[in-house]
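Observations on chain architecture
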Amino acid sequence: DWKAMAQDNTLQMIKGMAFRVSDCNKDYSVCATYPQSFVVPLCASDTVVRHAARFRSHNRLAVLSFIHRSTEDPQGSPIEGIVGAIIRSSQPLAGLTNRRSTQDEFLVRSMASVCTKPLVIVDARSQASVLANAVQGKGTESVEGYKAGRLLYLNLPNMHAVREWLPDRACD
């Protein structure tokens, strides 16, 4: 919970970095599986956050999960900045017609804009799984809409296959 981390350096680190803690999920009405508060771009109002959530499967909107900061550039000169970040969400409800959400695109682009590296959208599924989900009204992000450098598919098996595979190998 971000509130419990208020005294921690992690929360102090995001201050002044174009992020804020949103409490719009305090009653779990935005996303039942997310915590009551989470980190979003400073420029995204709670109204934008709520609209963006509606465009994601199970309302699991894009939220900041990890920041990689750098204190020097590749030549060793001192800098302050975010090299990269992990922004976690579920699949968009794009469907076969590639529907888009301006609020969702704004939310993701705003988070990515603070990083020195270009946005890469990583989809853990295979392209075949994405297509099967698109038939059901889900799908994947449009590289153009999110102004991403690229879309990368990891081709991981579905979660049920991973659950079956993992217990036998967890102690190897």
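In this text, all values refer to a predicted model and were calculated from it rather than measured experimentally.

Chain-level pLDDT for the chain is 84 on average; 83% of the residues reach the 70-or-more range. Mean pLDDT per element in the chain: helix α1 (residues 9–14) is the minimum at 58, and helix α2 (residues 46–54) is the maximum at 97.

Roughly 1300 Å³ of volume is contained in the largest pocket. Arg88, Ser89, Val122, Asp123 and Ala124 are, among the 44 residues lining the largest pocket, the residues nearest its centre.

Within the secondary structure, Ala148 sits in the loop between α5 (143–146) and β6 (150–153). Take Ala148: its relative accessible area is 11%, and that puts it in the buried class. Sequence separation between Ala148 and Val120 is 28 residues, and the spatial gap between their C-alpha atoms is 5.7 Å. Those residues in contact with Ala148 that lie beyond four places of it in its chain are Leu119, Ile121 and Val143.

Let us now look at the environment of Thr116. Examined against the element boundaries, Thr116 turns out to sit in the loop between α3 (102–112) and β5 (120–123). According to the relative accessible area criterion, Thr116 is exposed, its value standing at 58%. Along the backbone, Thr116 and Arg69 are 47 residues apart, and their C-alpha atoms lie at a distance of 9.9 Å. Those residues within four positions of Thr116 in sequence are excluded, and the remaining contacts are Ile82 and Val83.

Attention shifts here to the nonpolar core. If you look at the biggest cluster of nonpolar residues, it comprises 30 residues, and the most contacted ones within it are Phe19, Phe38, Val49, Leu61, Leu107 and Leu119. Elements with a contribution of two residues or more to this core: β2 (38–41), α2, β3 (63–72) and α3.

For the structure shown, the criterion picks out one aromatic pair. Each ring, one from Tyr34 and one from Phe38, has its centre 5.8 Å from the other, and the planes form 75°; the classification is edge-to-face. Among the residues examined, Tyr34 registers a relative accessible area of 11% and is labelled buried.

What follows covers helix α4 (residues 127–135). Among all positions of α4, only Val130, Asn133 and Ala134 are buried. The arc that holds the buried residues of α4, viewed along the axis, is 105°, so those residues lie on one side. Seen from the buried face of α4, the exposed residues on the opposite side, beyond 90 degrees, are Ala128, Leu131 and Val135. In this fold, the buried residues of α4 make contact with β5 and β6.

With that settled, consider the environment of Val108. Secondary-structure assignment places Val108 in helix α3. A residue is classified by how much of its surface remains accessible, and Val108, at 8% relative accessible area, is buried. Sequence-distant contacts of Val108, defined by excluding residues within four places in its chain, comprise Arg56, Ala62, Ile87, Leu119 and Tyr146.

Side chains that differ in sign of charge can pair as their charged atoms come close. Evaluation of the coordinates by the stated rule reveals six salt bridges. In this structure, Asp46 engages Arg20 in a salt bridge whose closest nitrogen and oxygen atoms are separated by 2.7 Å. Within this pair, whereas Asp46 is found in helix α2, its partner Arg20 is found in strand β1 (residues 19–22), the two being separated by 26 residues in sequence. Arg56 is the salt-bridge partner of Glu141, the closest N and O atoms lying 2.5 Å from each other. A residue pair is termed long-range when its members are at least 10 positions apart, and Glu141 in the loop between α4 and α5 and Arg56 in the loop between α2 and β3 qualify at 85 residues. One network of salt bridges, in which partners are shared, links Arg56, Asp104 and Glu141.

Conventions we followed
- Residues numbered from 1 in each chain as written.
- Predicted model: local features only at pLDDT ≥ 70, side-chain atom pairs only at ≥ 80, totals over all residues.
- Heavy atoms only, no water.
- pLDDT = per-residue confidence, 0-100.
- Helix = DSSP H or I, 4+ residues; strand = E, 2+ residues; numbered from the N terminus.
- 1 Å grid on protein atoms, 1.4 Å probe; cavity = no way out; pocket = protein on both sides within 12 Å on 5 of 7 lines; lining within 4 Å.
- Points joined across faces, edges and corners; volume = space filled by probe spheres on them.
- Buried < 20%, exposed > 50% of the residue type's maximum accessible area, 1.4 Å probe, protein only.
- Contact = heavy atoms within 4.5 Å.
- Core = buried A, V, L, I, M, F, W, Y, C linked by side-chain atoms within 4.5 Å.
- Phe/Tyr/Trp six-rings, centres within 6.5 Å; stacked < 30°, edge-to-face > 60°.
- Arc of directions from axis to C-beta.
- Salt bridge = Lys/Arg side-chain N within 4 Å of Asp/Glu carboxyl O.

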